[in-house]
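Close look at the chain arrangement
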Amino acid sequence: MIAIVDYGVGNIFSLCSSFARIGADVKLTGDPAEIRAADKLILPGVGAFGDAADKLRESGLGDVVVAEARKGKPLMGICLGMQLLFDESYEYGRHQGLGLIEGRVVTMDPAATQPETGQAAETDMPAAETQAETDTPAAETQAACTHTVPAGLKVPHIGWNALHFPESRPKSKIFDKIDQGDFVYFVHTYHAIDCDASVIATTDYGIQLTAAVARGNVYGLQFHPEKSGDVGMKILKAFVEMEV
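Along each chain, the written sequence defines residue order, and numbers are assigned to residues from 1. Since the coordinates come from a predicted model, pLDDT governs what is reported: local features require at least 70, and pairs of side-chain atoms require 80 or more to be given and counted, while whole-chain, interface and lining totals use all residues. Excluded from the side-chain calculations are hydrogens and water; all other atoms, namely the structure's heavy atoms, are used.

Moving on, we come to the overall build of the protein chain. Helix numbers and strand numbers start at the N terminus; a helix is a DSSP run of H or I with at least 4 residues, a strand a run of E with at least 2. For the protein chain, the count of helices and strands is eight helices and 13 strands. Partly exposed residues are those whose accessible area sits between 20% and 50% of the maximum for their type, while under 20% is buried and over 50% is exposed, using a 1.4 Å probe and protein chains only. Put simply, the protein chain has 244 residues, and 51% of those count as buried. Whether two residues touch is decided by their heavy atoms; if any such pair falls within 4.5 Å, the residues are in contact. Sequence-distant contacts, at least 24 apart, represent 74% of the contacts inside the protein chain between residues at least 6 apart. Counting only carbon and sulfur atoms, one obtains 49% of the accessible surface of the protein chain, whose full area is about 10700 Å². Accessible surface is estimated by sampling points in the Shrake-Rupley manner with a 1.4 Å probe; for residues, cover comes only from the protein chains shown.

Shown next as structure tokens:
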């Protein structure tokens, strides 16, 4: 059984329908016991990073997801769910992610306001660790918002765009059923950076954007496979058929 983690933030209906179309045994659940019993996990998400991170933390489901992933259980984050896999996000402040994949999430909008230097991450870390986060150098904070698309391109990045697989590593098994250059559907303003070691697909939108990542048993898709037609169905099917 594949558990779709229900924490109150997600593209749930279309995602459930897509898995049903390929005959997958899935269950939408916020029950920690069912999440622990599942063979694989899906972490969906739409909306703002901070709100979603708060709901994961307050529900206790964030800890459950991290614990299961660290045991080796396959986990796939989709859209905002992918962004939550990273260390932190600079969306409307600075927020701590799940820390399953190294990297940060920043805006692609060249007109966006720069985050305030030294703003503490919204986190339940001990005071000493929070203070260490607060002392972030100005250069590092500035760097988090320099990965923006050229002026004139519409933001958010909405629509169909092609996937490109890095030549430096073998094609990920999550993409076994699709080809280089296949198109998928994106809707996002924020994107992942400082994650080169985990990037398994990129897309071009004035700059190179991270389209998908993987670290061991943990996968993340910035695009919406459930809105990506046959290509998206093939990606979901590859995850379903992946050996545990």
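In this analysis, strands are considered paired if DSSP registers two or more bridges between them. One open sheet accounts for four strands, arranged β6-β5-β7-β10; its pairing is mixed. The sheet terminates laterally at β6 (95–96) and β10 (190–193), the two strands that pair on one side only. Where strand β5 (residues 88–89) and strand β7 (residues 104–107) come together, two bridges link them in parallel fashion. The residue of β7 that forms the bridge with S89 is V105.

Another aspect to go through is the pairing of strand β1 (residues 2–5). Every second residue of β1 is oriented toward a common face, with I2 and I4 on one face and A3 and V5 on the other, all of them buried. Bridge count for β1 against strand β2 (residues 26–29) is four bridges, and the pairing is parallel. Directly across from I4, in β2, lies its bridge partner L28. Across three bridges, the pairing between β1 and strand β3 (residues 40–43) is parallel. Across the sheet, the residue bridging to A3 is L41, located in β3.

Put simply, a nonpolar core is a bunch of buried Ala, Val, Leu, Ile, Met, Phe, Trp, Tyr and Cys residues held in one set by side-chain atoms that sit within 4.5 Å of each other. Residues Y7, L43, L75, L84, F86 and L100 are the most contacted members of the largest nonpolar core, which totals 33 residues. Those elements that place two or more of their residues in this core are β1, β3, α3 (49–59), α4 (61–70), α5 (80–83) and β10. The biggest single contributor to this core is α4, with five residues. Not counting chain neighbours up to four residues away, the residues in contact with L75 comprise L41, L43, V65, A69, L85, L100, N217, V218, Y219 and F239. Within the second largest apolar cluster, 31 residues are counted, among which are I174, V184, V231 and M242.

For Phe, Tyr and Trp, rings pair up if their centres lie within 6.5 Å, where Trp contributes its six-membered ring, and each pair is then called stacked (planes under 30 degrees apart), edge-to-face (over 60) or tilted (otherwise). Overall, the coordinates contain three aromatic pairs when judged by the stated rule. Look at F165 and F175: their rings are 5.1 Å apart centre to centre, the planes differ by 25°, and that puts the pair in the stacked class. Of this pair, F165 sits in the loop between β8 (157–162) and β9 (183–188) while F175 sits in the loop between β8 and β9, placing them ten residues apart in sequence. For F165, a relative accessible area of 11% gives the class buried. According to the relative accessible area criterion, F175 is buried, its value standing at 0%.

Turning to the environment of E88, a few remarks are in order. Of note, E88 is situated in strand β5. Placed 39 residues apart in sequence, E88 and F49 show a C-alpha to C-alpha distance of 9.2 Å.

Our next topic: the side chain of E226. Here E226 shows up in the loop between β13 (218–221) and α8 (229–241). When charges are tallied, Lys and Arg are placed among the positive residues and Asp and Glu among the negative ones, while His and the ends of the chain are skipped. A pairing counts as a salt bridge when a side-chain nitrogen of Lys or Arg comes within 4 Å of a carboxyl oxygen of Asp or Glu. As a buried residue without a salt bridge, E226 has its nearest oppositely charged side chain in K227, at a separation of 5.1 Å. Polar contacts, as counted here, are pairs of nitrogen or oxygen atoms within 3.5 Å of one another; within protein the pair requires one atom able to donate a hydrogen and one able to accept it, and residues that are adjacent in sequence qualify only if both atoms are side-chain atoms. Among the polar contacts made by the side chain of E226, one reaches the side chain of H224 at a distance of 2.8 Å.

This next bit is on α8. With 13 residues, α8 should cover 18 Å at 1.5 Å per step; its first-to-last C-alpha distance of 18 Å lies within 8% of that length. Contact partners of the buried residues in α8: α1 (12–21), β3, β4 (75–78), β9 and β13. The span you would expect from a helix comes to 1.5 Å times its residue count less one.

Let us look at the side chain of E88. Residue classification places E88 among the buried positions, given a relative accessible area of 9%. For E88, the side chain forms a polar contact with the side chain of R94, separated by 2.9 Å.

In space, the seven strands of this open sheet follow the order β2-β1-β3-β4-β13-β12-β11, with mixed pairing throughout. With one partner strand each, in any of the chains shown, β2 and β11 (199–205) form the two edges of the open sheet. Strand-to-strand twist across the sheet, computed as the mean angle between neighbouring axes with direction ignored, equals 20°. Relative to β13, strand β12 (residues 207–215) is paired through four bridges, and the arrangement is antiparallel. In this description, a line fitted to the C-alpha atoms serves as the axis of each element, helices being fitted only across the stretch in contact, and the angle between N-to-C directions of two axes falls anywhere from 0 to 180 degrees.

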